[in-house]
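Chain and residue survey
Below are the chains, spelled out letter by letter.
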There are 2 protein chains.
Amino acid sequence: MLFERVAVIGVGLIGGSFALALKAAGACAHVVGTGRNPANVKLALERGIIDSIAADAVAAAHGADLVLVAAPVAQFPKIFKDISSVLNPKTVVTDGGSTKRDVIAAAKSGLGRKIAQFVPAHPIAGAEKSGASAASAELFRGKRVILTPLAENTDSSVRKVEAAWSACGARISRMAAEAHDALLAAVSHLPHLLAYALVHEIAARENSAELFAFAASGFRDFTRIASSHPEMWRDICVANRDHLLQELKAYERELGSIRKLLEAGDAAGLEKLFAEARAARDKWIPSS
Amino acid sequence: MLFERVAVIGVGLIGGSFALALKAAGACAHVVGTGRNPANVKLALERGIIDSIAADAVAAAHGADLVLVAAPVAQFPKIFKDISSVLNPKTVVTDGGSTKRDVIAAAKSGLGRKIAQFVPAHPIAGAEKSGASAASAELFRGKRVILTPLAENTDSSVRKVEAAWSACGARISRMAAEAHDALLAAVSHLPHLLAYALVHEIAARENSAELFAFAASGFRDFTRIASSHPEMWRDICVANRDHLLQELKAYERELGSIRKLLEAGDAAGLEKLFAEARAARDKWIPSS
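Residues numbered from 1 in each chain as written. Chains lettered and ligands numbered in written order. Predicted model: local features only at pLDDT ≥ 70, side-chain atom pairs only at ≥ 80, totals over all residues.

Thoughts on the overall build of chain A
When helices and strands are tallied, chain A shows 12 helices and 8 strands. Relative to the globule expectation of 19 Å for 288 residues, the C-alpha radius of gyration of chain A, 21 Å, shows essentially globular dimensions. Overall, chain A is about 65 × 40 × 35 Å in size when its C-alpha atoms are taken along their principal axes. Taking all 288 residues of chain A together, 55% fall into the buried category. Considering only intrachain contacts with a sequence separation of at least 6, the fraction spanning at least 24 residues in chain A is 78%. (Helix = DSSP H or I, 4+ residues; strand = E, 2+ residues; numbered from the N terminus. Rg over C-alpha atoms; globule rule 2.2 N^0.38 Å. Buried ≥ 20, exposed ≤ 12 C-beta atoms within 10 Å, placed from the backbone. Contact = placed C-beta atoms within 7 Å.)

Put into structure tokens, the structure is as follows:
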């Protein structure tokens, strides 16, 4: 048994799946959950995702030896501030936020001297579904979790948090928060923005009904991530604005180059670009 | 039995699936196939996709009462010219090209007075896989096929071609070639270009291996169509260049608006845009 009492603050897709996975692994005795949506927290209890409901983050964290903060990132500053006073010296805290620099800033401000107990994590296992109803013990299996440990962390704290995510079946990597945010801007945050942009642009047209009627599986898969949670993605975009803007500009430059190939009717140039992209993707796919 | 002898010129994903679907429906007695890749045509024979191999398009079309031209579109001018002299007066010809104005121009030039026998079609049922090995009798089931009949077509020719695609399980629509090309530029051709662009841009970076290592399911689905056939998409882009450029520019404007929201840190504006996109997509998905 790794943990006696686990507190999950925000029992959505990530928080709920974390609880289910730890239970399935026999890694915890009791999970207490809390969240801002009472119906969702009640559903989590009914589904056996959590064993009890706490009124708020403070009540949840009280007496817990592991705390997962998995609420929308905009709520993190208040949550860290609230739970700071009730954390035992041996309690470790981790999170499920998709950006790390802003989460760390919120934790430093809210936790104060207890910042050493917080080991930031990003499970790369989102889905366009959200809420306790979408939670699954298998969500993290074989998926990557990036830890961005702090200089203040003890080895023991990092090991405990790593053990929790490992128990969920995840593959653990470690890197600096800055490197994490730069990396994710390129391979996750930008694609989300691009998918939202395409659907938004099409939906605004007079003939959007006809356009959607003839959109097929390519469009469906390309835009799957445009069904992601708007509030979550707002927070990610704002928190990682600098890296995301850099990625967006690089992409706009790439589109400009392709537009020039098109304008010039450069068939060979287009084919070369498409072939290079396909080769790179096909090389990646077997290992993904 | 709708057809005695069906000729499939280009036994790839589309041509092979058309043959398999007609056979499964009991709609044809004999399928003769031809293509530029001998190994692929041989595989088609071995898999029972075709019943015999013809040396070239002329030999295949000879005596056929239905001809499907499903080669890469760049080969269409030569194919139409070649088969023109052997088409019986009652033979109907259709195609599987993703663009229609260029195909019609090639057919008018190649078929001459026999243009009335050609009923253009676009089965919207691609996949990133290609070749006879990927062919399936189920590829077109429930999928849309757009016919863009010509002023020269007789009702009887259009009905025969419609019956063939219907036998494959497809849902048939009719529209003008110009409207088809404009529609597909928005919902198919542009997304392919955008997916190729993202993979190409990432693959060209020094740290591309690390970037791909942390790319997850969102990236995988967004870029699925970047594994499409480069030669085919080169031809589509060149053939539909005017509409595609218009779509690309509209998308670049949309990205410019989003960039401004990001630069301004306009969280509410970003959330509104994301929410509108998600609502439009979620409304579409149940019917797609």
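Let's pick the thread back up.
Notes on the relation of the copies chain A and chain B
The two copies are related by a screw operation: chain A maps onto chain B through 180 degrees of rotation and 0.0 Å of translation along the axis, at an RMSD of 0.0 Å. The superposition of one copy onto the other is thereby described by a two-fold rotation axis. Taking the C-alpha atom as reference, chain A places Phe222(A) closest to the rotation axis, 2.0 Å from it. (Least-squares fit on C-alpha atoms with pLDDT ≥ 70 in both.)

With respect to the domain arrangement of chain A
Residues and elements named next belong to chain A. Each assigned domain of chain A is listed with its residue range as follows: domain 1 (3–175) and domain 2 (179–287). A separation of 31 Å is found between the C-alpha centroids of domain 1 and domain 2. Opposite the 14 residues of domain 1 that make contact, domain 2 presents 15 residues. Of the residues contributing to the side of domain 1 that touches domain 2, the split by class is 5 nonpolar, 5 polar and 4 charged. (Domains from an automatic or database assignment. Nonpolar A, V, L, I, M, F, W, Y, C, P; charged D, E, K, R; others polar.)

Some remarks on the sheet that holds strand β2 (residues 28–34) of chain A
Residue and element names in this part refer to chain A. Spatial ordering of the open sheet is given by β3-β2-β1-β4-β5, a layout of 5 strands whose pairing is parallel. Looking at strand neighbours, the two that pair on one side only are β3 (52–53) and β5 (92–95), the edges of this open sheet. Sheet topology note: the strand β1 (residues 3–9)/strand β4 (residues 66–69) ladder contains 4 bridges and is parallel. In the strand pairing of β4, alanine 7 is matched with valine 67. (Pairing = 2+ DSSP bridges.)

Section: the interface of chain A and chain B
Contacts between the two partners involve 70 residues from chain A and, on the opposite side, 70 residues from chain B. Those elements that provide at least two residues to the side of chain A that touches chain B are α7 (177–203), α8 (208–213), α9 (217–222), α10 (230–239), α11 (241–263) and α12 (267–284) of chain A. Of the residues forming the side of chain A that touches chain B, the biggest block, 17 residues, is contributed by α7(A). Partitioning the side of chain A that touches chain B into residue classes produces 43 nonpolar, 9 polar and 18 charged.

A closer look at the sheet that holds strand β6 (residues 121–124) of chain B
Residue and element names in this part refer to chain B. The strand order across the open sheet formed by 3 strands is β6-β7-β8, and the pairing between neighbours is mixed. The two strands at the open ends of the sheet, each matched to only one other strand, are β6 and β8 (171–174). On average, adjacent strands in this sheet sit at an angle of 25 degrees to one another, irrespective of strand direction. With 4 bridges joining them, strand β7 (residues 144–147) and β8 adopt parallel strand pairing. Directly across from arginine 144, in β8, lies its bridge partner arginine 171. In the packing of helix α6 (residues 155–167) onto the sheet, the strands contacted are β6, β7 and β8, and the crossing angle to β7 comes to about 165 degrees. (Axes fitted to C-alpha atoms, helices over the stretch in contact; angles between N-to-C directions.)

Digging into helix α5 (residues 101–111) of chain B
Residues and elements named next belong to chain B. Along α5, the residues classified as buried are Asp102, Val103, Ala106, Ala107 and Leu111. For α5, the angular spread of the buried residues around the axis is 140 degrees, confining them to a single face. On the buried face of α5, the contacting elements are α4 (76–83), β5 (92–95) and α10 (230–239). Following α5 by one or two positions, glycine 112 adopts a phi angle in the positive range, close to 60 degrees. (Arc of directions from axis to C-beta.)

Focus on the packing of α12(A) against helix α7 (residues 177–203) of chain B
Packed helix pairs are specified by the crossing angle of their axes together with the interaxial distance, meaning the distance between the axes. Relative to each other, α12(A) and α7(B) sit at 70 degrees, their axes nearing to 8 Å. With respect to α7(B), the axis of α12(A) lies roughly perpendicular. Touching Leu273(A), Phe274(A), Glu276(A), Ala277(A), Ala280(A) and Arg281(A) of α12(A) are Tyr196(B), Val199(B), His200(B) and Ala203(B), all from α7(B). For the contact of α12(A) with α7(B), the per-class residue count stands at 7 nonpolar, 1 polar and 2 charged. (Parallel < 35°, antiparallel > 145°, perpendicular 65-115°, else oblique.)

Description of the pairing of strand β1 (residues 3–9) of chain B
Residues and elements named next belong to chain B. Summarising burial for β1: 6 of the 7 residues are buried, a large majority. Pairing analysis gives 6 bridges linking β1 to strand β2 (residues 28–34), with the strands arranged parallel. Bridge pairing links isoleucine 9 to threonine 34 in β2. Read as a crossover between parallel neighbours, the route from β1 over helix α1 (residues 13–24) to β2 is right-handed. (Right-handed = clockwise from strand over helix to strand, strands pointing away.)

Regarding the pairing of strand β6 (residues 121–124) of chain A
Residues and elements named next belong to chain A. Taking every second residue as pointing to the same face, both faces of β6 are buried, with Ala121 and Pro123 on one and His122 and Ile124 on the other. One ladder, built from 4 bridges, connects β6 with strand β7 (residues 144–147); its direction is antiparallel. Paired with histidine 122 across the strands is isoleucine 146, a residue of β7.

A closer look at the nonpolar core
Counting 202 residues, the largest nonpolar core has Val8(A), Ile9(A), Val8(B) and Ile9(B) as its most contacted members. Setting aside its immediate chain neighbours within four residues, Ile9(B) contacts Thr34(B), Ala57(B), Ala60(B), Val67(B), Leu68(B), Val69(B), Ala70(B), Ala71(B) and Ile79(B). (Core = buried A, V, L, I, M, F, W, Y, C linked by C-beta atoms within 7 Å.)

Thoughts on the environment of Leu45(A)
All names here are of chain A. For leucine 45, the location among the structural elements is in helix α2 (residues 38–46). For leucine 45, a count of 16 C-beta atoms within 10 Å gives the class partly exposed. In this structure, the C-alpha to C-alpha distance between leucine 45 and glutamate 201, residues 156 residues apart in sequence, is 40 Å. What leucine 45 contacts, discounting residues up to four positions off in sequence, is Ile50 and Ile53.

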